[in-house]
2 protein chains.
Amino acid sequence: MSERRVSDDSRNDSPSSEGRPQGHGPKGTGTRNSFPRARSVREPRVSSQIQREVMQLILDRRLRAGAPLPTEAELMESLGVSRNSVREALKALQALDIVEIRHGYGTYVGEASLTPLVDGLTFRTLAQQGDDTGALAEILQIREVLEEGLVRRVAGTLSDAELARLEAVVERMEEAGRAGRPFPELDREFHELLYASLGNALVPQLLGAFWTVFRRVAGVRGWTDDPTPDVTVRRHRDIVIALRAGDVEGAQKAMADHFRGIEARAAQESRGVG
Amino acid sequence: MSERRVSDDSRNDSPSSEGRPQGHGPKGTGTRNSFPRARSVREPRVSSQIQREVMQLILDRRLRAGAPLPTEAELMESLGVSRNSVREALKALQALDIVEIRHGYGTYVGEASLTPLVDGLTFRTLAQQGDDTGALAEILQIREVLEEGLVRRVAGTLSDAELARLEAVVERMEEAGRAGRPFPELDREFHELLYASLGNALVPQLLGAFWTVFRRVAGVRGWTDDPTPDVTVRRHRDIVIALRAGDVEGAQKAMADHFRGIEARAAQESRGVG
DNA sequence: CCGCATTTGTACGTATGTATG
DNA sequence: GCATACATACGTACAAATGCG
């Protein structure tokens, strides 16, 4: 077990493979394995190729999320590959939420959500724990920049109905706070609702991804949830008040204050744990 | 390595040389693997479990990117699962860039980069092409909000050396523009360099991810690259000029103008293609 | 340069759990 | 409960890539 060193590999396509379309050795009596076609001349990896083919299939047929995909058997038949390769490719696509696999039922087009981003960022944050000044603070800074800019853009465009809904969420926060219950989901709902009028479907997903990473890391590290719920409620209420007044600067400042509170809490917890 | 979990109660291993046409029983009634533990009564999925175990292994041993991971054989030994399951789990982790697999060499800890986000967003954008008002505009809006907020934060903190580097990039842009060469990489370098002083490693990666998605989608759709390079150069120069003057508002406005140009071009290309 | 060992990649066969009808 | 369709998992054999002596 010596040290297998890592050197940056160039991204070339390894022109070595002679491209023999012959099937790999099936010991014994190869039954129906004698066709030389499938898989054209030179290809990097069968599994990667299948990934691309499945994605291309979805694009070509314009399949939407939830649409059924060919079964594993059909894919190995139509692509001329083994079940193993098909399964590995589908597993990779499943990790990207490009396909969804239901045991005993079938394979379907996935939502292509930001779940992979959540998984990757969570892992990366946990792995870099003792590294530098904390990957969590970086995520928080991006959330802050995003939301400060976003709240400016929705400041003038919110309808009374939307403002009322935001106030209702704050109200429920206050109830939960009085009852001593934490209200993480309400916090998420508030920020999601806040930017709904933008019509940008990616905004809530991206913010939600960062939010989820924060929650998960906090959970793994055993942080207490929101030691000062009343302050948190007030921060959110200040945002709504500024928005109702049409005060763009005030809304951005209220949002900044909100994040200042989150940062302070995160820093405190980090110190506590070491 | 250290933890070797071998069934000590192997009464008779009988190295199965040949003559057993019988199928191989899966877990439970296996030949060698006869301990009923490991994966107790009800558990979600073996492959998913392996994914978590490998991630936990990286976290527990505090392995950094590039560090070698156990071989497939070692993993199937220590986890008591088949190689197929190990490979499927590793393929999923590879898709998330949590592990890196090198054919004929070994498996290593990955960079946990935002490659999965790029892949997912690219696919999603291409898949939603005829859907609504274009997922590309949503990505562009997020980039815009982010960069407008970020440029405010670096406005006062940039050193002369950093400003000089930015000016050098603009200079190279101008040269390329005069020579009729497109300069996508210089554009990327500019925005990356601009936020280097923040010390937030996630910022350039996230912006780079959005940038790459934009480029890839544009490439697939066959867009021409930058019909007005001189205007693009001027936008970047305006940003640097404002930053040198310490003009925070001016820098943000220049950034906004820059994105207005990109949006206009994207809208035009979309119309052109239909 | 060649052969060898190690390790990942692909393939086939089979048994079993799971969901649907 | 049964039948069917499908994903899940195990085991094995061989191919291809990489590194080393």
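Please read all numbers here as calculations on a predicted model, not as lab measurements. (Residues numbered from 1 in each chain as written. Chains lettered and ligands numbered in written order. Predicted model: local features only at pLDDT ≥ 70, side-chain atom pairs only at ≥ 80, totals over all residues. Heavy atoms only, no water.)

Enquirer: Describe the overall build of chain A, naming the residues involved and giving the relevant values.
Expert: Within chain A, the secondary structure is distributed over 10 helices and 2 strands. Within chain A, buried positions represent 42% of all 274 residues. With the model as given, the accessible surface of chain A reaches about 14,900 Å², and the carbon-plus-sulfur share is 49%. (Helix = DSSP H or I, 4+ residues; strand = E, 2+ residues; numbered from the N terminus. Buried < 20%, exposed > 50% of the residue type's maximum accessible area, 1.4 Å probe, protein only. Areas by Shrake-Rupley, 256 points an atom, 1.4 Å probe, with all protein chains shown as cover.)

Enquirer: Let's hear about the packing of aromatic side chains: which residues, and what values?
Expert: All names here are of chain A. For the coordinates displayed, the defined rule picks out 4 aromatic pairs over all chains. Measuring from ring centre to ring centre gives 6.2 Å for Phe214 and Trp223, while their planes differ by 80 degrees; the resulting arrangement is edge-to-face. With relative accessibility at 8%, the residue Phe214 sits in the buried group. In this structure Trp223 comes out as buried when scored by relative accessible area, which is 11%. (Phe/Tyr/Trp six-rings, centres within 6.5 Å; stacked < 30°, edge-to-face > 60°.)

Enquirer: Help me get a handle on the interface of chain A and chain B, residues and values and all.
Expert: At the junction of the two partners, chain A supplies 53 residues and chain B supplies 58 residues. Carbon and sulfur atoms supply 60% of the area buried between chain A and chain B, which totals about 5,000 Å² over both sides. Counting across the chain A and chain B interface gives 6 salt bridges. Salt-bridge contacts for Arg87 of chain A lead to Glu88 of chain B; the nearest nitrogen and oxygen are separated by 2.8 Å. Along the contact surface separating chain A from chain B lie 19 residue pairs in polar contact (both at pLDDT 80 or more). Mapped onto the side of chain A that touches chain B, the elements with two or more residues apiece are α1 (46-60), α3 (83-95), α4 (115-127), α5 (135-155) and α8 (202-220) of chain A. (Contact = heavy atoms within 4.5 Å. Buried area = accessible area lost by both parts, 1.4 Å probe. Salt bridge = Lys/Arg side-chain N within 4 Å of Asp/Glu carboxyl O. Polar contact = N/O pair within 3.5 Å; in protein donor to acceptor, adjacent residues only side chain to side chain.)

Enquirer: Requested: an account of the relation of the copies chain A and chain B, with residues and values cited.
Expert: The two chain copies are related to each other by a rotation about an axis together with a translation along it. Laying chain A over chain B is done by rotating through 180 degrees and shifting 0.1 Å along the axis; what remains is an RMSD of 0.1 Å. The two molecules are tied by a two-fold rotation axis, judged by turn and shift. Considering only C-alpha atoms, the residue of chain A closest to the rotation axis is Ala92 of chain A, which sits at 2.1 Å. In this assembly, 92% of the residues forming the interface of chain A have copies in chain B that are likewise at the interface, indicating an isologous arrangement. (Least-squares fit on C-alpha atoms with pLDDT ≥ 70 in both.)

Enquirer: Could you give an account of the pattern of salt bridges, with specific residues and numbers?
Expert: Under the definition given, this model contains 36 salt bridges over all chains. The salt bridge involving Arg172 of chain A is made with Glu189 of chain A; its shortest N-O contact spans 3.0 Å. Of this pair, Arg172 of chain A sits in helix α6 (residues 160-178) while Glu189 of chain A sits in helix α7 (residues 184-194); the two residues are 17 residues apart in sequence, bridging distant segments of the chain. Overall, the relative accessible area of 39% leaves Arg172 of chain A in the partly exposed class. Lys253 of chain B is the partner of Asp257 of chain B in a salt bridge, and the nearest nitrogen-oxygen pair spans 3.4 Å. With a gap of 4 residues between them, Asp257 of chain B and Lys253 of chain B both fall in helix α10 (residues 248-273), about one helical turn apart. We classify Lys253 of chain B as exposed; its relative accessible area is 54%.

Enquirer: For the environment of Phe123 of chain A, give the residues involved together with the corresponding values.
Expert: Positionally, Phe123 of chain A belongs in helix α4. For Phe123 of chain A, the contacting residues outside a window of four places in its chain are Met55, Ile58, Leu59, Ile98 and Ala112 of chain B.

Enquirer: Account for the UniProt feature "domain: HTH gntR-type" (unreviewed entry) in chain A, with residues named and values stated.
Expert: Listed under "domain: HTH gntR-type" (unreviewed entry) in the UniProt record, and renumbered for this structure, are residues 44-112 of chain A. With 52% helix and 12% strand, the stretch residues 44-112 of chain A has end C-alpha atoms that lie 25 Å from each other. (UniProt positions renumbered as here; feature names shortened; annotations may be inferred.)

Enquirer: I'd love a proper account of the environment of Gln205 of chain B, names of residues and values included.
Expert: Tracing the backbone shows Gln205 of chain B in helix α8 (residues 202-220). Expressed as a C-alpha distance, the spacing of Gln205 of chain B and Leu114 of chain B, which sit 91 residues apart in the sequence, is 6.8 Å. Excluding its chain neighbours within four sequence positions, the residues that come into contact with Gln205 of chain B are Arg124 of chain A together with Ser113 and Leu114 of chain B.

Enquirer: Outline the packing of helix α2 (residues 72-79) of chain B against helix α3 (residues 83-95) of chain B, listing residues and values.
Expert: Residue and element names in this part refer to chain B. Viewed as axis vectors pointing N to C, α2 and α3 meet at an angle of 115 degrees, and their least axial separation amounts to 9 Å. Compared by their axis directions, α2 and α3 come out roughly perpendicular. Seen along the crossing, α2 lies across α3 with a hand that is right-handed. Packed against α2, whose contacting residues are Glu72, Leu75 and Met76, the element α3 presents Arg83, Val86, Arg87 and Leu90 at the interface. Its residues assigned to classes, the contact of α2 with α3 shows 4 nonpolar, no polar and 3 charged. (Axes fitted to C-alpha atoms, helices over the stretch in contact; angles between N-to-C directions. Parallel < 35°, antiparallel > 145°, perpendicular 65-115°, else oblique. Left-handed = near helix turned anticlockwise from the far one by under 90°. Nonpolar A, V, L, I, M, F, W, Y, C, P; charged D, E, K, R; others polar.)

Enquirer: Mind laying out helix α9 (residues 229-244) of chain B, listing which residues take part and the relevant values?
Expert: All names here are of chain B. Over its 16 residues, α9 runs 23 Å from end to end, which matches the ideal 22 Å to within 8%, given 1.5 Å per residue. All of the buried residues in α9 are Thr232, Val233, His236, Ile239, Val240, Ala242 and Leu243. With its phi angle positive at about 70 degrees, Gly246 sits one or two positions after the end of α9. (Expected span 1.5 Å × (residues − 1).)

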